[in-house]
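Residue-level structural notes
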Amino acid sequence: MTDEDIPYQLMSTQSWADAVRDTFQLLARGDAWDLVGSCPRCGHQTVKRLEGGGVTTYRAPGTDDRLATLVRCDCGSEHAGRPQGSRGCGAYVTVELQWS
């Protein structure tokens, strides 16, 4: 299967969201966090950078420990029909992260 076999398609599904939540890892990268994994649709590596000075940057003391963020496939592989200047296969979803 080649990248051309999975054409660009702007899409958001519950199964893609579930796979991202189940398989992506949250990794500390200096003063930022990266949500890293393989796109459940095309299988290519994708990274969502969460900027800031660590976990406490994303919430004020005494507030909820959750963060909703948009995660999309941002692979650099070619996908037929992808708009010029875009990245990824078109899959995206908003996921909620729970700090613990």
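Residues numbered from 1 in each chain as written. Predicted model: local features only at pLDDT ≥ 70, side-chain atom pairs only at ≥ 80, totals over all residues. Heavy atoms only, no water.

**Some words on the side chain of D74**
Worth spelling out the cut-off: In DSSP terms, a helix is any run of H or I states spanning at least four residues, a strand is any run of E spanning at least two, and both are numbered starting from the N terminus. Think of it in three bands: with a 1.4 Å probe and only protein chains considered, a residue is buried below 20% of the maximum accessible area for its type, exposed above 50%, and partly exposed in between. Only four residue types enter the charge count, namely Lys and Arg as positive and Asp and Glu as negative; His and the chain termini do not. Salt bridge, as applied in this entry: a Lys or Arg side-chain nitrogen positioned within 4 Å of an Asp or Glu carboxyl oxygen. Contact definition: two residues touch when any of their heavy atoms are within 4.5 Å.
Mapped onto the elements of the fold, D74 is located in the loop between β4 (66–72) and β5 (92–98). Of the side chains with opposite charge, R87 comes closest to the buried, unpaired D74, at an N-O distance of 4.8 Å. Discounting chain neighbours no more than four positions away, the residues touching D74 are Q45, T46, V47, R87 and G88.

**A short note on helix α1 (residues 14–23)**
To be explicit about the condition: Working definition: the arc comes from the directions between the helix axis and the C-beta atoms, pointing outward to the latter.
Buried residues of α1: W16, A17 and V20, and no others. End-on view of α1: buried residues confined to an arc of 100°, all on one side of the axis. Projecting away from the buried face of α1 at angles above 90 degrees are the exposed residues Q14, S15 and D22. Those residues of α1 that are buried are in contact with β4 and β5.

**Topic: the sheet that holds strand β1 (residues 25–29)**
Counted only if it meets this: Each pair of strands is called paired provided DSSP finds at least two bridges between the two strands. Structural elements are reduced to axes, namely lines fitted to C-alpha atoms, with helices fitted over the stretch in contact, and the angle between N-to-C directions of any two is expressed from 0 to 180 degrees.
With antiparallel pairing, the 3 strands of this open sheet are ordered in space as β1-β2-β3. Taken across any chain shown, the strands that pair with only one partner, and hence form the sheet edges, are β1 and β3 (45–50). The average undirected angle you get between the axes of adjacent strands in this sheet is 30°. As paired elements, β1 and strand β2 (residues 32–38) share 5 bridges and run antiparallel to each other. Its bridge partner lying in β2, L27 is registered against D34.

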